[in-house]
Amino acid sequence: MATVAATSRARCLLPFRRRAPRPPLPFPSPIARAATHRRGVRMASSEASASAPLSTTIEVPGAAAPVVVVAAPGLPEADFRNALDSSLFKQWLSNLQSEKGVLTYGRLNLTRVLIQGVDMFGKRVGFLKFKADIIDEETKTKVRVPIGKFVLELPAGMLDDEKGDFVGTAVREVEEETGIKLNLEDMVDLTALLNPATGGRILPSPGGCDEEIGLFLYRGRVDEETIRSLQGKETGLRDHGELIKLRVVPYSQLWRSTADAKALCAIALYEMAKREGLLPSCPPSANL
């Protein structure tokens, strides 16, 4: 999770999102698009009886024991097998073991995977939905791992209701995830600068999801001692499955340091708004 900062002036580019209402899903439920790389995984099958769910066990390097993979009730056997054989699932397992994978963190352990659903694109898996039980062995809580590895990402969060207080959510999430208290009146809605025909929100993947994102800018002065105290700090709401380690990144380096689409969109909006003179003056009293 990244807080974007310079040595004497910090700029926080903050994304917050709204999704259309949908039935609640077991937590967490990573959704991935089809990838091109395929990786093998050792598997020991267990035949399901008429009353028992489909299941298998797989050997995952870094896991403390063989991992149980179970099909959700009602999932067809063909979908279960397609999920296990898919490049999406194998890529996720590979991410767990990569240099920044969560299983290399030293205290996280994968114990169980529940395959919930499969959307086929012809003969290949297009979308795969599953719940992974990854346990923090120190706190005994579950941790969300949609991509299986740590990534440099802007502070972000979901709206609590359909009315959508984007600005208030942004301020609250930054405090929860970084410990920094922001002044509500000093927030700049970058997405509101878009043409009104866009709805003033970003659609990160409109071909497959109706998610909307709002991006916010906060500018303030910060001393070097505060920056040093943030670097490497562990934050996040553990009872919500969050495991966040702060990194303070110079703004000029951020665009090459992250694959987070929110961060890259925020940089683009900020730079274009600055070039066209659309940004308000930085409040002299805004401090972090």
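Procedures and definitions
Residues numbered from 1 in each chain as written. Predicted model: local features only at pLDDT ≥ 70, side-chain atom pairs only at ≥ 80, totals over all residues. Heavy atoms only, no water. UniProt positions renumbered as here; feature names shortened; annotations may be inferred. Helix = DSSP H or I, 4+ residues; strand = E, 2+ residues; numbered from the N terminus. Buried < 20%, exposed > 50% of the residue type's maximum accessible area, 1.4 Å probe, protein only. Contact = heavy atoms within 4.5 Å. Areas by Shrake-Rupley, 256 points an atom, 1.4 Å probe, with all protein chains shown as cover. Salt bridge = Lys/Arg side-chain N within 4 Å of Asp/Glu carboxyl O. Polar contact = N/O pair within 3.5 Å; in protein donor to acceptor, adjacent residues only side chain to side chain. Phe/Tyr/Trp six-rings, centres within 6.5 Å; stacked < 30°, edge-to-face > 60°. Lys NZ or Arg CZ within 6 Å of the ring centre and 35° of its normal.

Named according to an unreviewed UniProt entry, the protein is Nudix hydrolase domain-containing protein originating from Urochloa decumbens. Annotation of the protein in UniProt includes, under Cofactor (unreviewed entry), the sentence "Mg(2+)".

Asks: Help me understand the overall build of the protein, please; the structure alone is not making it clear to me.
Replies: Check the secondary structure of the protein and you find six helices and 15 strands. In the protein, which comprises 288 residues, the proportion classed as buried is 44%. Taking contacts inside the protein between residues at least 6 apart in sequence as the whole, the part at least 24 apart equals 68%. Carbon and sulfur atoms make up 52% of the accessible area of the protein, which amounts to about 15,100 Å² in all.

Asks: What's the story with the pattern of salt bridges in this structure? I'm lost.
Replies: When the charged atoms of two side chains with opposite charge come close together, those side chains can pair. The tally for this structure, following the rule as stated, stands at 13 salt bridges. The closest approach of N and O atoms between Arg-107 and Asp-136, which form a salt bridge, is 3.0 Å. Here Arg-107 is found in the loop between helix 2 (87-97) and strand 7 (108-121), whereas its partner Asp-136 is found in strand 8 (residues 124-136), with 29 residues between them in sequence. Under the relative-accessibility criterion, Arg-107 is labelled buried at 13%. Under the relative-accessibility criterion, Asp-136 is labelled buried at 0%.

Asks: Could you clarify how one ought to interpret the side chain of Thr-235 in this entry?
Replies: Counting through the fold element by element, Thr-235 comes out in strand 13 (residues 234-235). Classification of Thr-235 by relative accessible area gives buried; the value is 9%. Polar contacts involving the side chain of Thr-235 include one to the main-chain carbonyl oxygen of Glu-177, which spans 2.4 Å. Excluding residues that lie within four positions of it along the chain, Thr-235 makes contacts with Glu-176, Glu-177, Thr-178, Glu-242, Leu-243, Ile-244 and Leu-246.

Asks: I keep staring at helix 2 and nothing clicks. Help me out?
Replies: Quick reminder: α-helices carry 3.6 residues per turn. Residues three or four places apart thus point the same way. Here helix 2 lies mainly inside the structure; nine of its 11 residues are buried. Residues of helix 2 that are buried include every one of Ser-87, Leu-88, Phe-89, Lys-90, Gln-91, Trp-92, Leu-93, Asn-95 and Leu-96, and no others.

Asks: What should I look at first to understand the environment of Val-145 in this one?
Replies: With respect to the secondary-structure elements, Val-145 resides in the loop between strand 9 (141-142) and strand 10 (157-158). Along the sequence, Val-145 and Leu-96 sit 49 residues apart, while their C-alpha atoms lie 8.8 Å from each other.

Asks: Just to check I follow, could you spell out the packing of aromatic side chains for this structure?
Replies: The geometry of an aromatic ring pair comes down to the distance between the two centres and the angle between the two planes. Taken as a whole and judged by the stated rule, the model has six aromatic pairs. For the pair Phe-89 and Trp-92, a centre-to-centre distance of 6.2 Å together with 20° between the ring planes defines the contact as stacked. Placement of both Phe-89 and Trp-92 in helix 2 is noted, with a separation of three residues, approximately one turn of the helix. By the burial criterion, Phe-89 is buried, and Trp-92 matches it. Ring plane angle 85° and centroid distance 5.4 Å describe the contact between Tyr-251 and Tyr-270, whose orientation is recorded as edge-to-face. One end of the pair, Tyr-251, is in helix 5 (residues 251-254); the other, Tyr-270, is in helix 6 (residues 261-275), and 19 residues separate them in sequence. Considered together, Tyr-251 and Tyr-270 belong to a single accessibility category, that of buried residues. Among the aromatic residues, ring-to-ring pairing joins Phe-89, Trp-92 and Phe-130 into one connected group. Its end group placed over the ring of Phe-166, Arg-201 keeps NZ or CZ at 3.9 Å from the ring centre.

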